[in-house]
Amino acid sequence: GGLNSYRARFEITSSIIDSNHAQDPASIGGLGGGIDITSNNVSNPLRPAGSLLLVDSVVRNNDARVGGGVLISGDQVCAGSACGPSSQRAGAQITDSLIADNVAGVYGGGVSADRTDLTITGSHIIRNTVNASGSSSGGGLALATLSAATISSTTIARNAAANYGGGIYLDGSASLAMGGSRVSANTASNGGGLFAGLTTS
């Protein structure tokens, strides 16, 4: 909705990304209301996966079908030994930033990360929402498909998902290391603060 990157590097500092929209009634696109980082077909070093550096910035009041505030995705096409798992993963670093009041239809109200190495430090992910009844996951943060997140000194609060992971949702292949952080007052029918595992949604 606001910014789109394909196999490129975004460095965003001391900025505000506000009130952008990425909706798709056909349920094919609608990715990344504020920021969309995608990386398909990264089959060699000349085609690196996309990356995001977000520092001292605000991403708020954006909406999308997936990734209301930010969507980061590694390669969903290239697979097998010719590509290698590291080349398929996008990278994202969010530092001293606010991600707030974003809305997704089905997945990742604040941040949606798929095949991504994600680091969040000194940030706030608050009041983000996923609102599709029966199929919504990750009100604040959604981690999917081989994503690995490290979170420190961060608050994830007052986010909501209708179904899984009001604060944080991890699918069965994602991993999370968190320290010195606060997860509070998030709501969902399954895992208000954190939901980890496989679902059918």
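Residues numbered from 1 in each chain as written. Predicted model: local features only at pLDDT ≥ 70, side-chain atom pairs only at ≥ 80, totals over all residues. Heavy atoms only, no water.

**A few points about unusual backbone geometry**
Moving on, step 1. Positioned with a positive phi, Arg115 is a non-glycine residue whose angle comes to about 55°.
Moving on, step 2. Tracing the backbone shows Arg115 in the loop between strand E13 (111–114) and strand E14 (116–121).
Moving on, step 3. Assessed through its relative accessible area of 19%, Arg115 is described here as buried.
Moving on, step 4. Of note in the backbone geometry, Arg127 takes a positive phi value of approximately 55° without being a glycine.
Moving on, step 5. By secondary structure assignment, the location of Arg127 is in the loop between strand E15 (124–126) and strand E16 (129–130). (Helix = DSSP H or I, 4+ residues; strand = E, 2+ residues; numbered from the N terminus. Buried < 20%, exposed > 50% of the residue type's maximum accessible area, 1.4 Å probe, protein only.)

**Comments concerning the side chain of Asn20**
Moving on, step 1. Inspection of the secondary structure assignment puts Asn20 in the loop between strand E3 (16–18) and strand E4 (21–22).
Moving on, step 2. Within the structure, Asn20 has its side chain in polar contact with the backbone oxygen of Asp18 (distance 3.3 Å). (Polar contact = N/O pair within 3.5 Å; in protein donor to acceptor, adjacent residues only side chain to side chain.)

**Considering the sheet that holds strand E7 (residues 58–60)**
Whether parallel or antiparallel, the strands of a sheet pair through hydrogen bonds between backbone atoms.
Moving on, step 1. Taken in spatial order, the six strands of this open sheet run E3-E7-E11-E15-E19-E23, and their pairing is parallel. Only two strands of the sheet have a single neighbouring strand rather than two, namely E3 and strand E23 (182–184). Sheet twist, expressed as the average angle between the axes of neighbouring strands with direction ignored, equals 5°.
Moving on, step 2. Pairing geometry for strand E11 (residues 98–100) and E15, over three bridges, is parallel. (Pairing = 2+ DSSP bridges. Axes fitted to C-alpha atoms, helices over the stretch in contact; angles between N-to-C directions.)

**Quick look at the pattern of salt bridges**
Moving on, step 1. Applying the stated rule across the entire model yields five salt bridges.
Moving on, step 2. In this structure, Glu11 engages Arg9 in a salt bridge whose closest nitrogen and oxygen atoms are separated by 2.6 Å. There is no split in this pair, since Glu11 and Arg9 are both exposed.
Moving on, step 3. Between Arg60 and Asp18 there is a salt bridge, with the nearest N and O atoms lying 2.9 Å from each other. With Arg60 in strand E7 and Asp18 in strand E3, this pair connects stretches of sequence that are 42 residues apart.
Moving on, step 4. Residue classification places Arg60 among the partly exposed residues on the basis of a relative accessible area of 30%. (Salt bridge = Lys/Arg side-chain N within 4 Å of Asp/Glu carboxyl O.)

**Considering the pairing of strand E10 (residues 90–95)**
Moving on, step 1. Here strand E6 (residues 51–55) pairs with E10 via five bridges, running parallel. Its bridge partner being in E10, Ser51 is matched across the sheet by Gly91.
Moving on, step 2. Pairing analysis gives six bridges linking E10 to E14, with the strands arranged parallel. Counted as the bridge partner of Ile94 is Ile120 from E14.

**Some words on the sheet that holds strand E8 (residues 63–66)**
Moving on, step 1. Across the sheet, five strands lie side by side as E4-E8-E12-E16-E20; this open sheet has parallel pairing. At either margin of the open sheet sits one strand with a lone partner, and together these are E4 and strand E20 (160–161).
Moving on, step 2. For strand E12 (residues 103–107) and E16, the ladder comprises two bridges, and the chain directions are parallel. Residue pairing in the sheet places Val103 in a bridge with Thr129 of E16.

**What to know about the packing of aromatic side chains**
Moving on, step 1. Considering all chains together, one arrives at three aromatic pairs under this definition.
Moving on, step 2. Taking 5.8 Å as the distance between ring centres and 80° as the angle between the ring planes, the aromatic pair formed by Tyr107 and Tyr169 counts as edge-to-face. Of this pair, Tyr107 sits in strand E12 while Tyr169 is found in strand E21 (residues 168–170), placing the two residues 62 residues apart along the sequence. (Phe/Tyr/Trp six-rings, centres within 6.5 Å; stacked < 30°, edge-to-face > 60°.)

**Things to note about the nonpolar core**
Moving on, step 1. Membership of the largest hydrophobic core comes to 26 residues, with the highest contact counts inside it found for Ile35, Leu52, Val70, Leu118, Leu141 and Leu143.
Moving on, step 2. By residue number, the principal contributor to this core is E10, which donates three residues.
Moving on, step 3. Ignoring any residue separated from it by four or fewer positions in sequence, one finds Ile35 in contact with Leu3, Phe10, Ile12, Ile17, Leu52, Leu54, Val59, Gly69, Val70 and Leu71.
Moving on, step 4. The next biggest cluster of nonpolar side chains, apart from the first, holds eight residues, and it includes Leu71, Ala142, Ala144 and Tyr169. (Core = buried A, V, L, I, M, F, W, Y, C linked by side-chain atoms within 4.5 Å. Contact = heavy atoms within 4.5 Å.)

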